[in-house]
Amino acid sequence: MTATLLSFEEALERFDPAMGLEVHVELNTASKMFCGCSTEFGAEPNTQVCPTCLGLPGSMPVVNAKAVESAIRIGLALNCEIAEWCRFARKNYFYPDMPKNFQTSQYDEPICFDGWTEVEVDGETHRIGIERAHMEEDTGKSLHVGTSGRIHGADYSLVDYNRAGIPLIEIVTRPIKGTREKAPLVARAYVAHLRELILALGVSDARMEQGSMRCDVNLSLAPAGSGGLGTRTETKNVNSLRSVERAARYEISRQAAILDVGDKVLQETRHWHEDTGITTSGREKSDAEDYRYFPEPDLVPVAPDPAWVAELRAGLPEPPRERRARLQQEWGFSDLEMRDTVGAGALTLVEQTIAAGAAPQAARKWWLSELARRANEQGVELSDLPITPEQVARIQAMVDEGRVNDKLARQVFDGVLAGEGDPDEVVSSRGLAVVSDEGALGEAVDRAIADNPDVAQKIRDGKVAAAGALIGAVMKQMRGQADAGRVRELILEKLG
Amino acid sequence: MTDWTRKTAAELADALAAGETTSVELTRAHLDRIGRVDGAVHAFLHVDADGALEQARAADERRAEGRPASPLDGVPIAVKDVLATRGLPTTCGSRILEGWVPPYDATVVARLRDAGLPILGKTNMDEFAMGSSTEHSAYGPTHNPWDLTRIPGGSGGGSAAAVAAYEAPLAIGTDTGGSIRQPGAVTGTVGVKPTYGGVSRYGLVALANSLDQAGPVTRTVLDAALLHEVIGGHDPLDSTSVDQPVGNLVEAVKQGSTGDLSGLRVGVITEMSGEGWQAGVLARFQDSLDLLTKAGAEVVEVSCPTFVHALATYYLILPAEASSNLARFDAMRYGLRVLPDGVPDPSAEEVMRATRDAGFGPEVKRRIILGTYALSSGYYDAYYGQAQKVRTLVSRDFAGAFEQVDVLVSPTAPTTAFPIGEKVDDPLAMYLNDLATIPANLAGVPGISVPNGLADEDGLPSGLQVLAPALADDRVYRVGAALEALLAQQWGGPLLDRAPELEETR
């Protein structure tokens, strides 16, 4: 069931897109939003539960103060007003993974509101209005067992309530208009920016692939130049930066094709499919959906002390853009180098590696080449690799000291990543130090010359470039543990 | 041989302290009494003889070692089936929770256990506390010990009847619109609804969270104060719990028992009389006012005009909150699960629907429908929103009244106990039972019902309600104790002495 699409270019000739982005961020508090259960990811199903997060009859919620603090810090970082007084509200709907069949959320009294932030796309700054950021609890997780893997056609379903009650902050933008063909890029840049900001605040690990940061893309089209707002769709399950861009692009083309033939866009929830790059219709979202919000009577209002809010404001980290500009200057990176570093999610890692003593270019090189390649192979984030910036700095120090060469350094990375210990331990256990014993090197060079008389003759005849073959032979004998520069010197000395 | 079941909790505590009896003996006496009369009264949904005796033995050991856990250590108690009890079934009088055994204790229950009170069992109630007669229990009605053909009030008819029938010296009730006080009035027992937030709601299966409050159900005001001091006080698990000490309620009772109320200003609520109020109930109310005056109180009339809207307000707020609270009963995690007939391979939604259809009684369904409607978009402002505004006005009426007087009084319920079956098909008539008790819940203020005599026309008990400002629970105890003492003097004993003996069966 493939939708008819209009090309992106044609779509934008005829229509103006408007977007609204809703991002859910799972906070990294030690305990849940309304109870003391652990929030640790990946535990055995239904082991991190209690009467409250299971919604057992009689249980009651108690607000996690740390989650309120994180919410306020996010709001402040997004230039929001912080409510002097706000309440939680019940969002009522039935679903088996929701223990109480209502979600404790916030409705018309969010803790943070009326903010803004700025993102850059191709050197242009776009100001994004933030309507609100509110606190709520996550639901449990359904697992549909059967060949389809979806609820339809499942043999049976299992529910894991470990996730139920984990604190979420939902951040909602105001309609983003006037971005024209840049709309998908702006959406992506906003989510990337938000992610960076959240990481800088340290309030969430913001891993889109693990669902600790989730994005819904609301998109509508209005006739070009009309200035109006059309009927929107809400695309859920958009769980990577690339998908945010693609989903926005897809919806622009899909809706344009519908409007172009005079049909109406259906107001509905749509699901994004990463594999096929399309959205499909979910449940119809109309006025029929009535969450019957009302203030949560089991909780008292949240009224953050203004002095505390001021304290939190004073303690905010440097905003990402300012930080990037400062670091780029300190490190002397080119714009391209800086963009690659940020894009790879390596900024903080590089910063920490430099702080541990490595030169900026060396730090960048390891993280963006050697380690980025390995992370990519394993399909994990750079920060998930089992190696610390301090260890990277230590390996670079060994290179600087001439204890290992680049090739050996890669083996040290292998060892550290394989859990063989610190770089120094790997070097000694694998015997990786560069051989600097001139006698052993000299013998190896002599043997290489004897084994390759033709090559040796070429070098004697002045074809210095041929030395590479002899260096290779020496390195092979030395199992790579030789300083290639010194080997070259020895060869030229002996044949010169 | 002493019949321990006829003693008050305070007397039992003294006897235990004096070594005249043991908790095992007391507990057994009450279990025996339950065995002999509960077939007729049906106050209990579940009796935990083994558990109670085990707790009694532990209490006796503590006494023997000279380290009782509390003054009431070893005095048995009954608990309304709306409070979660670890290891003991908790049904809320509903089929939908049949077989559910909570893995945790309500804070009130935990405090009872910590204080050493053996729990005899769980008492009957209107389903999810919705009702004024206990006829809405899915497990059959409770009968009034004064007249077994009549209702014991509700929703906590089981707790009140258990205490009135000497099956337990103490019981825990919960009061959302009068469910402790009205059963107290119609069974000739004492019931206290503490200040909202005064007793933890953690583990109390919510009917309407902003109105619910657990409290003591006893035969004397002193017993209520003793029990209140055990269960009251701040609980970090209940965010709405008041972070203040309970106060010295027993001391207030002692002051009141002297019968001296000099200087006390008592307000009679104008709006709580007239049509619908039984003549005999009003006559006993007038007698009580005369007694209070004789005791030195100054009795004046006070108008609380918005109280006439309290019932309507209550029946918007309560169903709204209840409709949301009861959503969790969906057959997914605990309780009843009913598979729909003739549906092969039913979906979760179909199982939910079949279970809720079979598991909830008609009154529960009625209120879920009312509440869902009141919260619906487009109706919220007109119903729920408006009700909250009136609720604020009710609180203001109380505040204004308490500027003029120290306590407010009224008959607890407009009538004495009516025959079982009389109003069960007329919800509006049923709702009128709580006319006098509802305003206190809307405003969160404390109230007590004290037996104040028998109505002339039917010889059945009536009650006097005393209301005080929030956190001034001591006042209702002082006035209640004074009236109790003066009436006992007049009658030569407690009112319950005049209840007919129940036929005991073996």
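Here the structure is a predicted model, which is why all the values come from computation and not from measurement.

The rules behind each value
Residues numbered from 1 in each chain as written. Chains lettered and ligands numbered in written order. Predicted model: local features only at pLDDT ≥ 70, side-chain atom pairs only at ≥ 80, totals over all residues. Heavy atoms only, no water. Helix = DSSP H or I, 4+ residues; strand = E, 2+ residues; numbered from the N terminus. Areas by Shrake-Rupley, 256 points an atom, 1.4 Å probe, with all protein chains shown as cover. Lys, Arg positive; Asp, Glu negative; His and termini not counted. Charge placed at Lys NZ, Arg CZ, Asp CG, Glu CD. Pairing = 2+ DSSP bridges. Contact = heavy atoms within 4.5 Å. Axes fitted to C-alpha atoms, helices over the stretch in contact; angles between N-to-C directions. Phe/Tyr/Trp six-rings, centres within 6.5 Å; stacked < 30°, edge-to-face > 60°. Buried < 20%, exposed > 50% of the residue type's maximum accessible area, 1.4 Å probe, protein only. Parallel < 35°, antiparallel > 145°, perpendicular 65-115°, else oblique. Left-handed = near helix turned anticlockwise from the far one by under 90°. Nonpolar A, V, L, I, M, F, W, Y, C, P; charged D, E, K, R; others polar. 1 Å grid on protein atoms, 1.4 Å probe; cavity = no way out; pocket = protein on both sides within 12 Å on 5 of 7 lines; lining within 4 Å. Points joined across faces, edges and corners; volume = space filled by probe spheres on them. Buried area = accessible area lost by both parts, 1.4 Å probe. Salt bridge = Lys/Arg side-chain N within 4 Å of Asp/Glu carboxyl O. Right-handed = clockwise from strand over helix to strand, strands pointing away. Disulfide = S-S within 2.5 Å. Patch = residues over 30% accessible without salt bridge, like charges linked within 9 Å, V, L, I, M, F, W, Y side chains within 5 Å. pLDDT = per-residue confidence, 0-100. Arc of directions from axis to C-beta.

Draft legend 1. Quick look at the overall build of chain A. Helix and strand content of chain A: 16 helices and 14 strands. With the C-alpha coordinates aligned to their principal axes, the bounding extent of chain A is approximately 90 × 55 × 55 Å. Carbon and sulfur atoms provide 49% of the accessible area of chain A, an area that totals close to 22,500 Å². Across chain A, the 56 positively charged side chains and the 77 negatively charged ones have centroids separated by 3 Å.

Draft legend 2. The sheet that holds strand β14 (residues 294–295) of chain A, seen in detail. Spatial ordering of the open sheet is given by β4-β3-β14 (chain A), a layout of three strands whose pairing is antiparallel. Of all strands in the sheet, those bounded by a partner on one side alone are β4 (102–105) and β14 of chain A. Bridge analysis of strand β3 (residues 89–92) of chain A against β4(A) gives four bridges, and the strand direction is antiparallel. Residue A:Arg90 lies in a different strand from β4(A), and its bridge partner there is A:Thr104. Along the sheet, helix α10 (residues 310–325) of chain B makes contact with β3, β4 and β14 of chain A, crossing β3(A) at roughly 60°.

Draft legend 3. A look at the packing of aromatic side chains. The tally for this structure, following the rule as stated, stands at 21 aromatic pairs over all chains. Ring plane angle 55° and centroid distance 4.8 Å describe the contact between A:Trp366 and A:Phe413, whose orientation is recorded as tilted. One end of the pair, A:Trp366, is in helix α9 (residues 360–378); the other, A:Phe413, is in helix α11 (residues 406–417), and 47 residues separate them in sequence. Taken individually, A:Trp366 and A:Phe413 each receive the classification buried, so the pair is uniform in this respect. For the pair B:Tyr315 and B:Tyr431, a centre-to-centre distance of 3.9 Å together with 15° between the ring planes defines the contact as stacked. Here B:Tyr315 is found in helix α10, whereas its partner B:Tyr431 is found in helix α14 (residues 427–431), with 116 residues between them in sequence. One exposure class covers both B:Tyr315 and B:Tyr431, and it is buried. Among the aromatic side chains, those forming a connected cluster through ring pairs are B:Trp100, B:Phe128, B:Phe329, B:Tyr334 and B:Phe360.

Draft legend 4. The arrangement of the packing of helix α6 (residues 320–331) of chain A against helix α8 (residues 347–355) of chain A in detail. All names here are of chain A. Contact geometry of α6 with α8 gives a least axis separation of 12 Å together with a crossing angle of 40°. Considered as vectors, α6 and α8 are oriented oblique to each other. Crossing of α6 over α8 shows left-handed handedness. Within the contact between the two elements, α6 uses Arg-323, Arg-324, Arg-326, Leu-327 and Trp-331 and α8 uses Leu-347, Thr-348, Val-350, Glu-351 and Ile-354. For the contact of α6 with α8, a count of residues per class yields five nonpolar, one polar and four charged.

Draft legend 5. Structural view of empty space enclosed by the protein. Scanning all chains against the criterion turns up three cavities of 30 Å³ or more. Empty space within the largest cavity amounts to approximately 120 Å³. Lining the largest cavity are 16 residues, and of these A:Thr52, A:Met60, A:Pro61, A:Lys100 and A:Thr104 sit closest to its centre. Considering only residue class, the lining of the largest cavity consists of six nonpolar, four polar and six charged. The volume enclosed by the second largest cavity comes to roughly 100 Å³. Surrounding the second largest cavity, 15 residues form its lining, A:Gly58, A:Ser59, B:Val205, B:Ala206 and B:Arg328 being those nearest its centre.

Draft legend 6. Region of interest: the interface of chain A and chain B. In this complex, chain A contributes 31 residues to the contact, which on the side of chain B involves 37 residues. Of the roughly 2,600 Å² buried between chain A and chain B on both sides combined, carbon and sulfur atoms contribute 59%. Counting the surface chain A buries against chain B, the share from its top three residues, A:Pro57, A:Met60 and A:Arg292, is 24%. Taken together, chain A and chain B are joined by one salt bridge.

Draft legend 7. A look at the pattern of salt bridges. Residue and element names in this part refer to chain A. Enumeration according to the criterion identifies 60 salt bridges over all chains in this entry. Ionic pairing is found between Arg-87 and Glu-109, a salt bridge with its closest N-O pair at 3.0 Å. Of this pair, Arg-87 sits in the loop between β2 (81–82) and β3 while Glu-109 sits in the loop between β4 and β5 (112–121); the two residues are 22 residues apart in sequence, bridging distant segments of the chain. Salt bridges sharing partners connect three or more residues here, namely Glu-370, Arg-373, Arg-374, Glu-377, Arg-410 and Asp-414.

Draft legend 8. Region of the structure containing the pairing of strand β11 (residues 233–238) of chain A. All names here are of chain A. Where strand β10 (residues 213–223) meets β11, four bridges bridge the pair, whose relative direction is antiparallel. Residue pairing for β11: Cys-215 is matched across the bridge by Val-238. Here four bridges tie β11 to strand β12 (residues 268–273), and the two strands are oriented parallel to one another. Within the sheet, the bridge partner assigned to Lys-236 lies in β12 and is His-271. The parallel pair β11 and β12, bridged by helix α4 (residues 241–260), forms a crossover whose chirality is left-handed.

Draft legend 9. Molecular detail of the packing of helix α2 (residues 65–77) of chain A against helix α3 (residues 183–201) of chain A. Residue and element names in this part refer to chain A. Contact pair α2 / α3: the axes reach a minimum separation of 11 Å and the direction vectors enclose 130°. Taken together, the axis directions place α2 and α3 in an arrangement best described as oblique. For the pair α2 and α3, the crossing hand works out as right-handed. Note on element contacts: α3 touches α2 through Leu-197, Ile-198 and Leu-201, opposite Arg-73, Ile-74 and Ala-77. Partitioned by chemical class, the residues of the contact of α2 with α3 number five nonpolar, no polar and one charged.

Draft legend 10. The arrangement of unusual backbone geometry in detail. In this model, B:Gly154 is joined to B:Ser155 through a cis peptide bond whose omega is 5°. Relative to the helices and strands, B:Ser155 is located in the loop between β3 (119–123) and α5 (157–164). In this structure, A:Asn101 takes a positive phi of about 60° despite not being glycine. Position of A:Asn101 among the secondary structure elements: in the loop between β3 and β4. Of note, the phi angle at A:Arg292 is positive, near 45°, even though the residue is not glycine. Looking at where A:Arg292 falls in the secondary structure, it is placed in the loop between β13 (278–284) and β14. You can call A:Arg292 buried: its relative accessible area is 13%.

Draft legend 11. Geometry of the state of the cysteines. Within this structure, the stated rule accounts for zero disulfides over all chains. Residue A:Cys215 stays outside any disulfide, its sulfur separated by 17 Å from that of A:Cys80, the closest cysteine.

Draft legend 12. Structural detail: the side chain of B:His228. You can see B:His228 is positioned in helix α7 (residues 221–231). In contact with B:His228, other than residues within four places in its own chain, are B:Val192, B:Pro194, B:Val199, B:Pro216, B:Val246, B:Leu249, B:Asp473 and B:Tyr477.

Draft legend 13. Structural view of a nonpolar patch on the surface. Residues and elements named next belong to chain A. Together, Leu-143, Tyr-156 and Leu-158 make up an exposed nonpolar region whose accessible area comes to about 300 Å². By the element assignment, Leu-158 lies in strand β8 (residues 156–160). In this structure Leu-158 comes out as partly exposed when scored by relative accessible area, which is 42%.

Draft legend 14. Up close: the layout of surface pockets. Residues and elements named next belong to chain A. Of the voids in this model, the second largest pocket is the one considered here, and its volume is about 2,000 Å³. Those elements that place two or more of their residues in the lining of the second largest pocket are β5, α3, α4, α6, α7 (335–343), α8 and α9. Ranked by residues supplied to the lining of the second largest pocket, first place goes to α3 with nine residues. In terms of residue class, the lining of the second largest pocket is built from 21 nonpolar, eleven polar and 17 charged.

Draft legend 15. The arrangement of the sheet that holds strand β11 (residues 461–467) of chain B in detail. Residues and elements named next belong to chain B. The strand order across the open sheet formed by eleven strands is β1-β3-β2-β4-β6-β5-β10-β11-β9-β7-β8, and the pairing between neighbours is mixed. Strand pairing shows two members of the sheet lacking a second neighbour, β1 (44–47) and β8 (298–302), which therefore form its edges. Going across the sheet, the axis of each strand differs from the next one's by a mean of 25°, ignoring polarity.

Draft legend 16. Seen up close, the confidence of the model for chain B. On average, residues of chain B score 97 in pLDDT, and 100% of them reach the 70 mark or higher. Overall fold confidence for the complex sits at a pTM of 0.88, while the interface term, ipTM, reaches 0.95.

Draft legend 17. Just helix α14 (residues 453–460) of chain A, in detail. All names here are of chain A. For α14, every residue scored as buried is listed here: Val-455, Ala-456 and Ile-459. The arc that holds the buried residues of α14, viewed along the axis, is 100°, so those residues lie on one side. Lining the buried residues of α14 we find α13 (438–451), α15 (467–477) and α16 (484–495). Two residues or fewer after α14 comes Gly-462, characterised by a positive phi angle close to 100°.

Draft legend 18. Focus on α15(A). Residues and elements named next belong to chain A. Inspection of α15 places Ala-467, Leu-470, Ile-471, Val-474 and Met-475 among the buried residues, and these make up the whole buried set. Buried positions in α15, seen along its axis, are confined to an arc of 140° and lie on one side of it. Where α15 is buried, its residues contact α13, α14 and α16. Arg-479 lies just past α15 and shows a positive phi near 50°.

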